[in-house]
Amino acid sequence: MTSTDVRPSQNVMRPDKDTFLVQENPFEEMMSRFDDAAKRLNLEEGLYKILRMPEKQIIVSVPVLRDNGSVEVYTGYRVIYNTSRGPAKGGIRFDMQVTLEEVKALAAWMTWKCAVVNLPFGGAKGGVICDPSGMSNAEVERLTRRYTSAIIDTLGPDSDVPAPDVNTNERVMAWVMDTYSMHKRHTVTAVVTGKPIEMGGSLGRREATGRGCMFVTREALKKLKMPLEGTRVAVQGFGNVGSVAADLMSKEGMKIIAVSDKTGGIYNPNGLNIPDVFAHVKANKFLKGYKDAEAITNDELLILDCDVLVPAALENVITAENAGKIKARIICEGANGPTTAAADKILNQKGVFVIPDILANAGGVTVSYFEWVQDRGGYFWDEETVNSRLEKIMVRSFEEVTTMAEKHTVDNRIGAYMLSIERVAAVHRLRGMYA
Ligand code: NAD
């Protein structure tokens, strides 16, 4: 049996999230922003060297018995980027595009994201090079269990806590939790987040990222003295993040004038009826064909005349080509990495207020933190408690990021990096260097 047995199929479950590697070296691309922030903070050279390297990089071979009786061996990674502030936190993805460089970049990203909202977590990421859409459920289960047992020494509620990512979901997290618990000889729910509610998942987790986007957008409007009522919003992506953000923003009184998915966008300058749009998607799977709106392309959506733009689908959609044409006053980055570094400069010159991804979409990891807290305490909160605690953290973090940006006269993205690097660095200084 050869490795050609694991070809990428046309049918990868979430192809929209697979293009991170388009950049030449994702780790260096992300770290160029780190470098900028570190320089402005006058970070000591020694600390700079420490924070620029992952703590640990694990590569494992994962043998899996296929349903046809053959054996395939997959390569899996887990990168622990930094644990100075607490257990490492970060998802596991199953995808043909997984590389060690990508996993390193995403692990660093998690470190800064957790620090920007001040969660007591470090950052990690994991992945297995495979195409789960070409595998049966039983094969995915065996892959998950064998990968979990291969990295079991790093896992644990106090050391490394995975979550779902590209092509993994709460079903996969349940298998990770079970495998870990069988090895430990007792049930350990807090070893993963993003679990089904029945086995220790948190209420409000599914909506958390979109809800966080709504909270920070509301704060940005307040800051720019723009009204909430009637503010025109365009949302790219109508999946988990985009659809929840659109729904909650419209409930706050904002006018959602356009939304899109991979089939294209729909636009109504008088405001879309969001419950009606949900009903259409439920019946037809996609937005295409929705009656009470004009059909537009995803490219057109980005440059619509609107007040708030929420890119919540893909990375690298706001580029040097279209940044000059963007009319929104506020961009709330629901997706990871939607804006290129070149576009950042143009937006900055135009005075567009960008709420950077590591802040804007941190609602998800914040409620993952709540899940971990609830599991460890064995005491579960009602949804209202989850949502109001999320609101407090998002509002406070927005204030802290914008204060940092203003203090150093930088954009909000560099402000967010400065805040998180400073937080991670402060703990390193206090802990000192072991041996
Ligand atoms: P999802 O798969 O639920 O939804 C993605 C949406 O994007 C879908 O509506 C899809 O049709 C649309 N899409 C795909 N290709 C497109 C294209 N070419 N043009 C326009 N739209 C396209 O994914 P999600 O969970 O909502 O995640 C979206 C983004 O948010 C990703 O960047 C993800 O990494 C990021 N994010 C998600 C979470 C979370 O909790 N789900 C947390 C943090 C960051």
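All values derive from a computational prediction rather than experimental measurement.

Engineer: Please give an account of the sheet that holds strand β5 (residues 160-164) that cites residues and values.
Structural biologist: Spatially, β1-β2-β4-β3-β5 is the arrangement adopted by the five strands of the open sheet, whose pairing is mixed. Bordering the open sheet on either side are β1 (56-65) and β5, each of which pairs with just one other strand. Going from strand to strand, the sheet's axes swing by 20 degrees on average, the running direction of each strand aside. The pairing of strand β3 (residues 88-94) with strand β4 (residues 122-128) spans five bridges and is parallel. Its bridge partner lying in β4, Phe94 is registered against Val128.

Engineer: I'd like a rundown of helix α1 (residues 26-40), residues and numbers included.
Structural biologist: With 15 residues, α1 should cover 21 Å at 1.5 Å per step; its first-to-last C-alpha distance of 22 Å lies within 8% of that length. Every buried residue of α1 is accounted for by Pro26, Phe27, Met30, Met31, Arg33, Phe34, Ala37 and Ala38. Along its buried surface, α1 packs onto α2 (45-51), β2 (71-82), α3 (100-116), α10 (341-350) and α14 (412-431). Asn42 sits one or two residues past α1 and shows a positive phi near 55 degrees.

Engineer: Just give me the short version of the packing of helix α12 (residues 363-377) against helix α13 (residues 383-407), but keep the residues and values in it.
Structural biologist: α13 packs onto α12 with a crossing angle of 130 degrees between their chain directions and a minimal axis gap of 10 Å. By the angle between their axes, α12 is oblique relative to α13. The crossing of α12 and α13 is right-handed. Seen from α12, the contacting residues are Gly363, Thr366, Val367, Phe370 and Gln374; seen from α13, they are Val386, Arg389, Leu390, Ile393 and Met394. When the residues that make up the contact of α12 with α13 are grouped by side-chain class, the tally is six nonpolar, three polar and one charged.

Engineer: Lay out the pattern of salt bridges in plain terms, naming residues and giving numbers.
Structural biologist: For side chains bearing opposite charge, pairing can occur when the charged atoms are close. Under the definition given, this model contains 30 salt bridges. A salt bridge links Arg142 to Asp67; its shortest N-O distance comes to 2.8 Å. You can see Arg142 sitting in helix α4 (residues 137-150) and its partner Asp67 sitting in the loop between β1 and β2, a full 75 residues away along the chain. Among the ionic pairs, Lys251 bridges to Asp247, the shortest N-O distance being 2.9 Å. On the criterion of helical spacing, the pair formed by Lys251 and Asp247 is a turn pair, its members being four residues apart in helix α7 (residues 240-251). Note on Lys251: relative accessible area 62%, which makes it exposed. According to the relative accessible area criterion, Asp247 is buried, its value standing at 18%.

Here is what the cut-offs are and how they apply
Residues numbered from 1 in each chain as written. Predicted model: local features only at pLDDT ≥ 70, side-chain atom pairs only at ≥ 80, totals over all residues. Heavy atoms only, no water. Pairing = 2+ DSSP bridges. Helix = DSSP H or I, 4+ residues; strand = E, 2+ residues; numbered from the N terminus. Axes fitted to C-alpha atoms, helices over the stretch in contact; angles between N-to-C directions. Expected span 1.5 Å × (residues − 1). Buried < 20%, exposed > 50% of the residue type's maximum accessible area, 1.4 Å probe, protein only. Contact = heavy atoms within 4.5 Å. Parallel < 35°, antiparallel > 145°, perpendicular 65-115°, else oblique. Left-handed = near helix turned anticlockwise from the far one by under 90°. Nonpolar A, V, L, I, M, F, W, Y, C, P; charged D, E, K, R; others polar. Salt bridge = Lys/Arg side-chain N within 4 Å of Asp/Glu carboxyl O.

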